[in-house]
Amino acid sequence: AKDFRTWNATVLAAVALAVSGPAASKSRSARKRVITRAVKEVAHYLGNTPAVCRAFYIDPRVFDRYRDGITIGGALDDLGQEVDPGQPSIHGGVEEAVLDLLEDERTPAIEKVP
């Protein structure tokens, strides 16, 4: 069960960072605030403290990529579209983009924030 919680927390954090992507270009302190807010959102969802979520549930590579200006923003464009019957879940594209992000692949689902 912890693996699922960890994966869910990582995906939620990646989505929160992607939604706040434009703030990454503003300043270092703006990026810190965005990361703090994302951790708080994940902690609220999991019913845990931000410190525990950051230390044990959210993969730190998500934050490293965000600091480099890389998010899963391209994958979020596909949310709300019709899903093919053969796909296992409606979050498949987002989860695939998070996997690509963690592996640091450059795919269309990953976008560099200006």
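Note that this is a predicted model, so its numbers are computed, not measured. (Residues numbered from 1 in each chain as written. Predicted model: local features only at pLDDT ≥ 70, side-chain atom pairs only at ≥ 80, totals over all residues. Heavy atoms only, no water.)

1. Remarks on the nonpolar core
Here is step 1 of the chain: Ranked by size, the top nonpolar core spans 27 residues in total, and within it Leu17, Val42, Cys53, Ile58 and Ile72 carry the most contacts.
Here is step 2 of the chain: Only helix H1 (2–19), helix H2 (28–46), helix H3 (50–57), helix H4 (60–67) and helix H6 (92–103) provide two or more residues apiece to this core.
Here is step 3 of the chain: Discounting chain neighbours no more than four positions away, the residues touching Leu17 are Val34, Ile35, Ala38, Val62, Phe63, Tyr66 and Thr71. (Core = buried A, V, L, I, M, F, W, Y, C linked by side-chain atoms within 4.5 Å. Buried < 20%, exposed > 50% of the residue type's maximum accessible area, 1.4 Å probe, protein only. Helix = DSSP H or I, 4+ residues; strand = E, 2+ residues; numbered from the N terminus. Contact = heavy atoms within 4.5 Å.)

2. Looking at the pattern of salt bridges
Here is step 1 of the chain: The full count for this structure, using the stated rule, is three salt bridges.
Here is step 2 of the chain: With its nearest N and O atoms 3.1 Å apart, the salt bridge here joins Arg67 to Asp64. Of this pair, Arg67 and Asp64 both sit in helix H4, three residues apart, roughly one helical turn. (Salt bridge = Lys/Arg side-chain N within 4 Å of Asp/Glu carboxyl O.)

3. Regarding the environment of Arg37
Here is step 1 of the chain: Looking at the secondary structure, you find Arg37 in helix H2.
Here is step 2 of the chain: Judged by its relative accessible area of 54%, Arg37 is exposed.
Here is step 3 of the chain: For Arg37 and Ala13, which are 24 residues apart along the polypeptide, the C-alpha to C-alpha distance reads 9.4 Å.

4. A word on the packing of aromatic side chains
Here is step 1 of the chain: Applying the stated criterion to the full structure yields zero aromatic pairs.
Here is step 2 of the chain: A cation sits over an aromatic face here: Arg54 above Phe63, 4.8 Å from the ring centre. (Phe/Tyr/Trp six-rings, centres within 6.5 Å; stacked < 30°, edge-to-face > 60°. Lys NZ or Arg CZ within 6 Å of the ring centre and 35° of its normal.)

5. Re the confidence of the model for the protein
Here is step 1 of the chain: Across the protein, pLDDT averages 78, with 69% of residues at or above 70.
Here is step 2 of the chain: Here strand E2 (residues 111–112) stands out as the element of the protein with the lowest mean pLDDT, 54, in contrast to H3, whose mean of 94 is the highest. (pLDDT = per-residue confidence, 0-100.)

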